[in-house]
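# Structural overview for review
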Amino acid sequence: MPVSFSPTRCHVNLAAIKRNFQRLGAPGALMPVIKSDAYGHGLLPVAGILDEAGARSFAIGGASEGEELRNAGFGQRLLLLTGCRTPDDWETAALYGLLPLVNDFKNLEMGAACPHNLEIAIKCDSGMGRLGFGKDDIPAIAEKIRNSSNLKPVMAVSHFASSDMPEDAEYAAGQMAAFEDFARALAQIFPAIGRSLGNSAAALGLPDAAYDVLRPGLAIYGGNPFFGTSRENAGAGLEWAMSISTPILQVKRLAKGQSVSYGRIFRALRDMDVAVVSCGYSQGLARGLSGRCDMLVRGRRVPQIGRICMSMCMLDVSSMPDAAPGELAWPLGGPAAAETSPVDAWELAMKLDTVPYELLCLMGSLNLREYENN
Ligand SMILES: *Cc1c(COP(=O)(O)O)cnc(C)c1O
């Protein structure tokens, strides 16, 4: 539920999502990942623009996302990444024609007990150490499926652990070998089996991992998985789709020696102008960024000062003392003047020792979203 009392807004540029999708390859070779409310960008609007761009399949998180997409009229193949956890989930998958991942024998048995015919995808753990079967499980998988007769495996799926780390290329190659082994063994029993392994990093930097369909997530939303690595160029041209705006509530003159916000960690070393803006940690601006981030105001960067509060924080606007209430500050993205770069999700993520995925999910889901198409 977005914090509707807050005037902070999450702006999503759907045209950027479309261009990112087009940059990653042919529509038929891509299954964009729109789990977790499309990484905070909004499930239905993102599915809509990708549909317009020709997407034929989507990877989603839970069965309820599949239900929502079907009710909105989407006919794409929908791969259910977390599979079906309950008999009800299996019913939902059958009713809405979802493609659940099956990751262990209990799960397979529950599916076999579902009184409907269903296509399924088989999850292989090729080295992520998360969900999935190993190659040695295949004979038992085959036997259970043959005995059940309602389940039809159509795809083998696995996931890279470190494909965004060029220095770990050998591990990725090992995962590819393990996945190919698994898929080959499965295809001996179910010949029509398709293969899907790669994420954004593979789509941009591992052409051998394309197989039948790639599953890019972050890159669709503009994030370069190779940022800060030797292969950063592989993600050139991606455009962030999300930006966050927040209005200035008050601008005040602070005398030398006065402090700002909780704990008084900031003291004015000279007379200065301070803007209070309507964005804090309940809008996803992590308190750990206090005194360590910038925002754009009038296209230029100004430093955030003092502790970030629950739904406000302060900016040093001494460089533009006529800034006025109602003007917008941009903690993420926004219109930048020449020679100025907007704050992006990687910049904030590095400061917080996290990844842009987390920031996009939080800022996107905590704030009311507005959509643009340019
Ligand atoms: C989230 C996810 C992806 C997408 O990964 P990105 O790094 O965002 O491209 C692909 N496959 C699975 C199984 C995932 O969970």
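This text follows the structure it describes.
Now for a look at the structure at hand.

Inspection of the region around the ligand gives 13 residues, with Lys-35, Tyr-39, Ser-200, Leu-218 and Tyr-357 positioned closest. At a separation of 3.3 Å, a nitrogen atom of the ligand approaches a polar side-chain atom of His-159. Contact with the protein chains removes 92% of the 390 Å² of surface that the ligand exposes when unbound. A class-by-class count of the residues in the shell around the ligand yields six nonpolar, four polar and three charged.

Even without being a glycine, Asp-37 presents a positive backbone phi close to 55°. Mapping Asp-37 onto the fold places it in helix 2 (residues 35–39). Of note, the phi angle at Ala-38 is positive, near 55°, even though the residue is not glycine. Along the chain, Ala-38 turns up in helix 2.

A separate point is the sheet that holds strand 6 (residues 151–157). Strand pairing in a sheet relies on backbone hydrogen bonds. The paired strands run either parallel or antiparallel. With respect to topology, six strands assemble into an open sheet ordered 2-3-4-5-6-7, the strand pairing being parallel. Of all strands in the sheet, those with a lone pairing partner are strand 2 (57–60) and strand 7 (194–196), marking the two edges. Looking at each pair of strands side by side, their axes are set apart by 30° on average, direction ignored. Pairing geometry for strand 5 (residues 118–123) and strand 6, over six bridges, is parallel.

Our next topic: the nonpolar core. If you look at the biggest cluster of nonpolar residues, it comprises 108 residues, and the most contacted ones within it are Ile-17, Ile-34, Leu-50, Phe-58, Tyr-221 and Leu-315. Among the elements that make up this core, the one with the highest residue count is helix 8 (residues 169–189) (seven residues). Apart from the residues lying within four places of it in its own chain, the contact partners of Leu-50 are Ile-17, Phe-21, Pro-32, Ile-34, Ala-55, Phe-58 and Ile-220. Listed in part, the 10 residues of the second largest apolar core include Leu-254, Phe-266, Met-272 and Val-276.

Moving on, we come to the side chain of Asp-273. With respect to the secondary-structure elements, Asp-273 resides in strand 11 (residues 272–277). What makes Asp-273 buried here is its relative accessible area of 8%. Polar contacts involving the side chain of Asp-273 include one to the side chain of Arg-253, which spans 2.9 Å. Apart from residues lying up to four places away in sequence, Asp-273 is in contact with Lys-252, Arg-253, Leu-315, Asp-316, Val-317, Ser-318 and Pro-321.

With their axes 9 Å apart at the nearest point, helix 1 (residues 14–24) and helix 3 (residues 43–52) run at an angle of 50° to one another. Taken together, the axis directions place helix 1 and helix 3 in an arrangement best described as oblique. Note on packing geometry: the crossing formed by helix 1 with helix 3 is right-handed. Residues Leu-14, Ile-17, Lys-18 and Phe-21 of helix 1 touch helix 3, and the partners they reach there are Pro-45, Val-46, Ile-49, Leu-50 and Glu-52. Here the residues of the contact of helix 1 with helix 3 sort into seven nonpolar, no polar and two charged.

A few words on the pattern of salt bridges. By the definition in use, this model includes 16 salt bridges. With a shortest N-O distance of 3.1 Å, Glu-52 and Lys-18 are connected by a salt bridge. Here Glu-52, found in helix 3, pairs with Lys-18, found in helix 1; they are 34 residues apart in sequence, far enough to count as distant. A salt bridge links Asp-181 to Arg-184; the nearest nitrogen and oxygen atoms lie 3.1 Å apart. One end of the pair, Asp-181, and the other, Arg-184, are both in helix 8, three residues apart, so they sit about a helical turn from each other. Accessibility expressed as a relative area gives 31% for Asp-181, which makes it partly exposed. According to the relative accessible area criterion, Arg-184 is partly exposed, its value standing at 47%. One network of salt bridges, in which partners are shared, links Asp-294, Arg-301, Glu-347 and Lys-351.

Below, the discussion takes up the layout of surface pockets. Its volume calculated, the largest pocket comes out at about 490 Å³. Lys-35, Tyr-39, Arg-130, His-159 and Asn-199 are the residues nearest the centre of the largest pocket, which is lined by 24 residues in total. Taken together, the elements giving at least two residues each to the lining of the largest pocket come down to helix 2 and helix 9 (200–205). For the lining of the largest pocket, the per-class residue count stands at 12 nonpolar, seven polar and five charged. Counted as a void, the second largest pocket has a volume near 230 Å³.

Conventions used here
- Residues numbered from 1 in each chain as written.
- Predicted model: local features only at pLDDT ≥ 70, side-chain atom pairs only at ≥ 80, totals over all residues.
- Heavy atoms only, no water.
- Near = heavy atom within 4 Å.
- Polar contact = N/O pair within 3.5 Å; in protein donor to acceptor, adjacent residues only side chain to side chain.
- Areas by Shrake-Rupley, 256 points an atom, 1.4 Å probe, with all protein chains shown as cover.
- Nonpolar A, V, L, I, M, F, W, Y, C, P; charged D, E, K, R; others polar.
- Helix = DSSP H or I, 4+ residues; strand = E, 2+ residues; numbered from the N terminus.
- Pairing = 2+ DSSP bridges.
- Axes fitted to C-alpha atoms, helices over the stretch in contact; angles between N-to-C directions.
- Core = buried A, V, L, I, M, F, W, Y, C linked by side-chain atoms within 4.5 Å.
- Buried < 20%, exposed > 50% of the residue type's maximum accessible area, 1.4 Å probe, protein only.
- Contact = heavy atoms within 4.5 Å.
- Parallel < 35°, antiparallel > 145°, perpendicular 65-115°, else oblique.
- Left-handed = near helix turned anticlockwise from the far one by under 90°.
- Salt bridge = Lys/Arg side-chain N within 4 Å of Asp/Glu carboxyl O.
- 1 Å grid on protein atoms, 1.4 Å probe; cavity = no way out; pocket = protein on both sides within 12 Å on 5 of 7 lines; lining within 4 Å.
- Points joined across faces, edges and corners; volume = space filled by probe spheres on them.

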